[in-house]
Amino acid sequence: TLLSLAAKDQRAVTRLRAAERAWLTYRTTYLEAMYPAADKQASYGSIFPMEFGLERASLTRRHIEDLANILNEYKQRE
């Protein structure tokens, strides 16, 4: 895993963990910006849970690609 490859460098581990926390904050804030209404069901309809889930999954897939890029960089350094 990425953290096991970075384990040799505590500074890298700290930064990866900070980046992950920042990404979680970004994801939450992004989704709140996409769907800002207080009563989401009333504002966006019965399809809201599915749309929300699809958007969250899309963000997660993109993030996985970013993490894979970092992982590949660490593998090249070994």
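Residues numbered from 1 in each chain as written. Predicted model: local features only at pLDDT ≥ 70, side-chain atom pairs only at ≥ 80, totals over all residues. Heavy atoms only, no water.

Colleague: Let's hear about the packing of aromatic side chains: which residues, and what values?
Modeller: Applying the stated criterion across every chain, the model contains six aromatic pairs. Ring centres of tyrosine 35 and phenylalanine 52 lie 6.1 Å apart, and the angle between their planes is 55 degrees; this geometry places the pair in the tilted category. Taken together, the positions of tyrosine 35 in the loop between α2 (10-34) and α3 (40-44) and phenylalanine 52 in helix α4 (residues 48-77) put the pair 17 residues apart, joining distant regions of the chain. Put simply, the rings of Tyr35, Tyr44, Phe48 and Phe52 touch in pairs and so form one group of aromatic residues. The residue whose ring lies beneath arginine 77 is tyrosine 74, and the NZ or CZ to ring-centre distance is 5.0 Å. (Phe/Tyr/Trp six-rings, centres within 6.5 Å; stacked < 30°, edge-to-face > 60°. Helix = DSSP H or I, 4+ residues; strand = E, 2+ residues; numbered from the N terminus. Lys NZ or Arg CZ within 6 Å of the ring centre and 35° of its normal.)

Colleague: Provide a residue-level description of the environment of tyrosine 44, including the pertinent values.
Modeller: Inspection of the secondary structure puts tyrosine 44 in helix α3. By relative accessible area, tyrosine 44 is classed as partly exposed at 25%. Ignoring anything within four residues of it in the chain, the contact list for tyrosine 44 reads Met34, Tyr35, Pro36 and Ala37. A polar side-chain atom of tyrosine 44 sits 3.0 Å from the main-chain amide nitrogen of alanine 37. (Buried < 20%, exposed > 50% of the residue type's maximum accessible area, 1.4 Å probe, protein only. Contact = heavy atoms within 4.5 Å. Polar contact = N/O pair within 3.5 Å; in protein donor to acceptor, adjacent residues only side chain to side chain.)

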